[in-house]
Amino acid sequence: EALKETPTKLQPEAQSDYKKLIFTAIDTWSRNKIFGNGMKSFRINCQTNPQYILTETTDFSKNNRRCSNHPHNYYLEILTETGIVGLFIVLIIALFFVIFIFKNLVVFKGNNIEHFFILAAVITLILELFPLKTSGSVFTTNDAAYIVLISSIILSHKNDIKG
């Protein structure tokens, strides 16, 4: 009873929920490392494993994970649901997009207002896709639509940047 009231740093109750989600995501990914467990499968895989079910217990080895609808990180979600193959494909596409941005946004010619809009879109995209932040689910309509919209704004101004 006393352990529940005063958790220490060594006890999983003292860990943040986000850290517990990270461990759960890694455990879920380890079930199928190459191709992942399937789209939007994190919530199902998490709840079917009795180790992750949240119960009032002092057995800390079984209460150190947290279930949710998604891992709250884009990269962990892609890794657990599409595996190494899916993460590799997404990172290759991201690399091509970064190369495109550097080729077309390195030099600004003048103080054109369109250049500032594109720069704002690039900064917004970088902040949204920062790997160490918590995030929503990349496979939901709102988050995916936001990322695609900002990316489209950047890609659509290619001719304006060169001119």
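Parameters at a glance
- For every chain, the first residue of the written sequence is number 1, and numbering continues from 1 onward in sequence order.
- Per-residue local features are limited, in this predicted model, to residues with pLDDT of at least 70; the limit for side-chain atom pairs, both in listing and counting, is 80 or more; totals at the level of whole chains, interfaces and linings are taken over all residues.
- Side-chain numbers here rest on the full set of heavy atoms in the structure, without hydrogens or water.
- Each Phe, Tyr or Trp ring, with Trp reduced to its six-membered ring, pairs with another whose centre is within 6.5 Å; inter-plane angles below 30 degrees give stacked pairs, above 60 give edge-to-face pairs, and intermediate values give tilted ones.
- Helix and strand labels come from DSSP, where a helix needs a run of H or I of at least four residues and a strand needs a run of E of at least two; each type is numbered from the N terminus.
- For every residue, the accessible area (1.4 Å probe, protein chains only) is compared with the maximum for its type, and the residue is labelled buried under 20%, exposed over 50%, or partly exposed between those bounds.
- Both a distance and an angle decide whether a charge sits over a ring: NZ of Lys or CZ of Arg must be within 6 Å of the ring centre and within 35 degrees of the ring normal.
- Like-charged residues are merged into a patch within 9 Å and nonpolar side chains (Val, Leu, Ile, Met, Phe, Trp, Tyr) within 5 Å, provided each residue has over 30% relative accessible area and no salt bridge.
- Values of accessible area rely on a 1.4 Å probe in the Shrake-Rupley scheme; residue burial ignores everything except the protein chains shown.
- For salt bridges, the criterion is a side-chain nitrogen of Lys or Arg within 4 Å of an Asp or Glu carboxyl oxygen.
- Residues counted as positive are Lys and Arg, residues counted as negative are Asp and Glu, and His and the chain ends are not counted.
- In this analysis, two residues are considered to be in contact whenever any of their non-hydrogen atoms come within 4.5 Å of each other.
- Only protein atoms enter the 1 Å grid used here, on which a cavity is any set of points holding a 1.4 Å probe that cannot leave and a pocket is any open set flanked by protein within 12 Å on both sides along at least five of seven lines; residues with an atom within 4 Å of a point are listed as lining.
- Grid points are joined across faces, edges and corners, and a volume is the space filled by probe spheres set on the points.
- Gly is placed with the polar residues, together with every amino acid not listed as nonpolar (Ala, Val, Leu, Ile, Met, Phe, Trp, Tyr, Cys and Pro) or charged (Asp, Glu, Lys and Arg).

Visitor: Give me the lowdown on the packing of aromatic side chains, citing residues and values where you can.
Guide: All chains considered together, the criterion is met by one aromatic pair. Look at Phe97 and Phe100: their rings are 6.3 Å apart centre to centre, the planes differ by 35°, and that puts the pair in the tilted class. Remark: Phe100 and Phe97 occur in helix 4 (residues 74–105); sequence separation between them is three residues, near one turn of the helix. Classification of Phe97 as buried rests on a relative accessible area of 16%. Phe100 gets classed as buried once you look at its relative accessible area, which sits at 15%. Here the guanidinium or amino end of Lys33 rests over the ring plane of Trp29, the centre of that ring lying 5.5 Å away.

Visitor: Describe in detail a nonpolar patch on the surface, supporting the description with residues and values.
Guide: Nonpolar side chains collect at one region of the surface, where Ile34, Phe35, Ile84, Val85, Phe88, Ile89, Ile92, Ile93, Leu95, Phe96 and Ile99 lie side by side and expose about 1,100 Å² of accessible area between them. Along the chain, the position of Phe88 falls in helix 4. Here Phe88 falls in the exposed class, since its relative accessible area comes to 53%.

Visitor: Summarise unusual backbone geometry; cite the residues concerned and give the values.
Guide: Located in the positive-phi region is Lys40, a residue other than glycine, with phi close to 55°. Examined against the element boundaries, Lys40 turns out to sit in the loop between helix 2 (17–29) and helix 3 (42–48).

Visitor: If you had to explain the side chain of Glu128 to someone new, which residues and values would you point to?
Guide: Tracing the backbone through its elements, the reader meets Glu128 in helix 5 (residues 113–128). No salt bridge is formed by the buried Glu128, whose closest oppositely charged neighbour, Lys133, lies at an N-O distance of 4.2 Å. In this view, Glu128 contacts Tyr74, Lys133, Tyr146 and Ile147; residues no more than four positions away in its chain are not counted.

Visitor: Talk me through the layout of surface pockets; I want residue IDs and the actual numbers.
Guide: Reported here for the largest pocket is a volume of approximately 780 Å³. In terms of lining, the largest pocket is formed by 25 residues, of which the most central are Ala94, Phe97, Leu125, Leu129 and Ile147. Counting only elements with at least two residues in the lining of the largest pocket, the list comes to helix 4, helix 5 and helix 6 (141–156). By residue class, the composition of the lining of the largest pocket is 24 nonpolar, one polar and no charged.

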